[in-house]
Amino acid sequence: LISNVSLRRVLDSRGNPTVEADVLTESGGFGRAAAPSGASTGEYEAIELQPSEAIASARRHAIPRLVGEVHAGNQREVDAALRAADGTDNFSEIGANSAVAISMAAAKAGADVLGAPLYQHLGGTFRGENFPIPLGNIVGGGEHAKEATNIQEFLAAPVGAPSVSEAVFANAAVHARASEILDERGTPAAKGDEGAWAPPISDAEAFEVMDEAVSDVADELGFEIRFGLDVAAAELYDEDEDGYVYGDEVKSTDEQIEYVADLVDEYELVYVEDPLDENDYEGFAELTDRVGDRTLICGDDLFVTNVERLQDGIDADAANSILIKPNQIGTLSDAFDAIELANRNGYETIISHRSGETEDTTIAHLAVATDAAFIKTGTVQGERTAKLNELIRIADDAV
Ligand code: PGA
Ligand code: ZN
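Residues numbered from 1 in each chain as written. Chains lettered and ligands numbered in written order. Predicted model: local features only at pLDDT ≥ 70, side-chain atom pairs only at ≥ 80, totals over all residues. Heavy atoms only, no water.

Undergrad: Before we move on, can you summarise the site of ligand 1 with the specific residues and values?
TA: Neighbouring ligand 1 are 16 residues, the closest being Ala39, Ser40, His144, Arg354 and Ser355. A distance of 3.1 Å is found between an oxygen atom of ligand 1 and a side-chain nitrogen or oxygen belonging to Lys325. At 2.6 Å from an oxygen atom of ligand 1 is found a side-chain nitrogen or oxygen belonging to Ser355. Relative to its free-state accessible area of 280 Å², ligand 1 is covered by the protein chains to the extent of 100%. (Near = heavy atom within 4 Å. Polar contact = N/O pair within 3.5 Å; in protein donor to acceptor, adjacent residues only side chain to side chain. Areas by Shrake-Rupley, 256 points an atom, 1.4 Å probe, with all protein chains shown as cover.)

Here you go:
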């Protein structure tokens, strides 16, 4: 049984406070986890409260339902207790930040009791043997950097890498090569929240930089590296304009679909996340119909790791993959439900970090446990490399 839960405020990678949870069990198990935080958050995400508010509320409502009541190793029970303590659909009472920190810390305590690595506890004996391909954020802007590209993320995808470790180092090499190319072009680049280069260049130029960086590194390493995008189009969509705002230019929905479909073909993109607004299932469906046979069309803000929104998407043929962010929905059980629904319907899953992160490595374990096709966790910078290095350790059976 859980014998103690303690909550505290710690720093995230943007320097903001976030919630960290410690879970202890009577048999001496221990788990610690911290909540990440988004900047380009979806309209339908579970609610993140001010950390001090979330902590106070979770102490009042959630901890009494956990301590002496629930086994850390029984994730469904832990997460049901969190849901019951909260009493709302969207964790607006205790905060999705408190909920996800406790949910993940309990999973780690449960693994510790068993003496098993977290991925093994979460995935079980009969999990698949595949490893996720890391999508490396190389160049970007949007809500993650000022005065940079409109498209939020240009993501390297080392699809031909023979191992996780080679994939991780390939992305780092693309990141370094992109910096050289930007220097050669005389465009100084700051970094965005996730460590991607955030140069003051157009989206068209960013495609050139990516194309060159990816093919240079692929030639050097001798395996296939492609790239993809997180358009984060909900941030570009303007209701009054009824279109997508790219600086001075506004694209209608039809033009946006045309634009993205052309990009998929011109650059042989393997991945396109949130190409349309988070309310536009129809637009998503039209794009998926056009290019879904040759690229992943992924819903992040569209689905927010929510089974009801995913089911709507499945019914509408809106996409062929879903981004999974446990803090969008509040518990690991809810994230597992979304992954299961996706798998049953032939959707690929991509496990993801947030732009505000900590050193927490839970998502690396989650991606391995659930056989995810990809993991999005940046390329360089400590809070990103924490996950990537953990992935290397898991592959090496050294966690
Ligand atoms: P966020 O961005 O964490 O700022 O929401 C990441 C994403 O859109 O995938
Ligand atoms: Zn996204």
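Undergrad: Break down the pairing of strand 1 (residues 2-11) for me, with residues and values.
TA: By the bridge criterion, nine bridges tie strand 1 to strand 2 (residues 17-25) in an arrangement that is antiparallel. Counterpart to Leu11 in the pairing with strand 2 is Pro17. Counting the residues that bridge the hairpin from strand 1 to strand 2 gives five residues, and of these Gly15 lies at a positive phi of roughly 85°. (Pairing = 2+ DSSP bridges. Helix = DSSP H or I, 4+ residues; strand = E, 2+ residues; numbered from the N terminus.)

Undergrad: Just give me the short version of the sheet that holds strand 2, but keep the residues and values in it.
TA: Spatially, 1-2-3 is the arrangement adopted by the three strands of the open sheet, whose pairing is antiparallel. Each end of this open sheet is capped by a strand with a single partner; those strands are strand 1 and strand 3 (30-34). Going from strand to strand, the sheet's axes swing by 15° on average, the running direction of each strand aside. Packed onto the sheet, helix 4 (residues 96-114) meets strand 1, strand 2 and strand 3 and runs at close to 150° relative to strand 3. (Axes fitted to C-alpha atoms, helices over the stretch in contact; angles between N-to-C directions. Contact = heavy atoms within 4.5 Å.)

Undergrad: Outline the nonpolar core, supporting the account with residue identities and numerical values.
TA: One finds Leu7, Phe154, Phe207, Leu269 and Ile351 to be the most contacted residues of the largest nonpolar core, which totals 113 residues. With eleven residues, the top contributor of residues to this core is helix 4. The residues touching Ile351, leaving out its near neighbours within four places in the chain, are Ile324, Ile339, Ile363, Leu366, Ala367, Thr370, Ala372, Phe374, Ile375 and Lys376. Leu155, Ala157, Val270 and Ala373 belong to the second-largest nonpolar core, a separate cluster that totals eleven residues. (Core = buried A, V, L, I, M, F, W, Y, C linked by side-chain atoms within 4.5 Å. Buried < 20%, exposed > 50% of the residue type's maximum accessible area, 1.4 Å probe, protein only.)

Undergrad: Describe the environment of Ala34, listing the residues and the values that go with them.
TA: For Ala34, the position within the fold is in strand 3. Counting along the chain gives 120 residues from Ala34 to Phe154, while the straight-line C-alpha distance between them is 27 Å. When near neighbours in sequence (up to four residues on either side) are disregarded, Ala34 contacts Val19, Glu20, Ala101, Met104, Thr358 and Asp360.

Undergrad: Break down the layout of surface pockets for me, citing the residues and quoting the values.
TA: Which parts of space are left empty comes out when a probe the size of a water molecule is rolled across the atoms. The volume enclosed by the largest pocket comes to roughly 350 Å³. As for the largest pocket, its lining consists of 16 residues, of which Arg83, Asp89, Asn306, Glu308 and Ile329 are closest to the centre. Those elements that provide at least two residues to the lining of the largest pocket are helix 10 (307-315), helix 11 (326-329) and helix 12 (332-344). Broken down by element, the residue count for the lining of the largest pocket peaks at three residues, all from helix 10. (1 Å grid on protein atoms, 1.4 Å probe; cavity = no way out; pocket = protein on both sides within 12 Å on 5 of 7 lines; lining within 4 Å. Points joined across faces, edges and corners; volume = space filled by probe spheres on them.)

Undergrad: Just give me the short version of helix 12, but keep the residues and values in it.
TA: The end-to-end C-alpha separation of helix 12 is 18 Å, in line with the 18 Å expected for 13 residues at 1.5 Å each. Residues Leu332, Ser333, Asp334, Ala335, Phe336, Ala338, Ile339, Leu341 and Ala342 constitute the buried set of helix 12. Looking at where helix 12 begins, the residue whose side-chain oxygen comes 3.4 Å from the main-chain nitrogen of Ser333 is Thr331. At the C-terminal side of helix 12, Gly346 shows a positive phi close to 75°. (Expected span 1.5 Å × (residues − 1).)

Undergrad: Lay out the sheet that holds strand 9 (residues 237-238) in plain terms, naming residues and giving numbers.
TA: Spatial strand order, 9-10-11: three strands in an open sheet with antiparallel pairing. Strands with a single pairing partner mark the edges of an open sheet, and in this sheet they are strand 9 and strand 11 (249-251). Taken together, the two bridges between strand 9 and strand 10 (residues 243-246) define a ladder with antiparallel strand orientation. Bridge pairing in strand 10 places Tyr237 opposite Tyr244.

Undergrad: I'd like a rundown of the environment of Val23, residues and numbers included.
TA: Positionally, Val23 belongs in strand 2. Val23 sits in the buried class, given a relative accessible area of 0%. C-alpha separation for the pair Val23 and Leu66, spaced 43 residues apart in sequence, amounts to 9.8 Å. If near-sequence neighbours (up to four positions away) are discounted, Val23 is found in contact with Ile2, Asn4, Val5, Gly29, Phe30, Gly31, Ile102, Ala105, Ala106 and Ala109.

Undergrad: I'd like a rundown of the pattern of salt bridges, residues and numbers included.
TA: For the structure on display, the rule yields 26 salt bridges. Glu20 is the salt-bridge partner of Arg32, the closest N and O atoms lying 3.7 Å from each other. Residue Arg32 is found in strand 3, and its partner Glu20 is found in strand 2; the two are separated by twelve residues along the sequence. Glu212 is paired through a salt bridge with Arg177; the nearest N and O atoms lie 3.7 Å apart. A residue pair is termed long-range when its members are at least 10 positions apart, and Glu212 in helix 7 (residues 203-221) and Arg177 in helix 6 (residues 164-184) qualify at 35 residues. Its relative accessible area of 30% is what places Glu212 among the partly exposed residues. (Salt bridge = Lys/Arg side-chain N within 4 Å of Asp/Glu carboxyl O.)

Undergrad: Now, about the side chain of Ser57: what can you tell me, with residues and values included?
TA: Mapped onto the elements of the fold, Ser57 is located in helix 1 (residues 51-61). A distance of 2.7 Å separates a polar atom in the side chain of Ser57 from the backbone oxygen of Glu93. Sequence-distant contacts of Ser57, that is, excluding residues within four places in its chain, are made with Ala62, Glu93 and Ile94.

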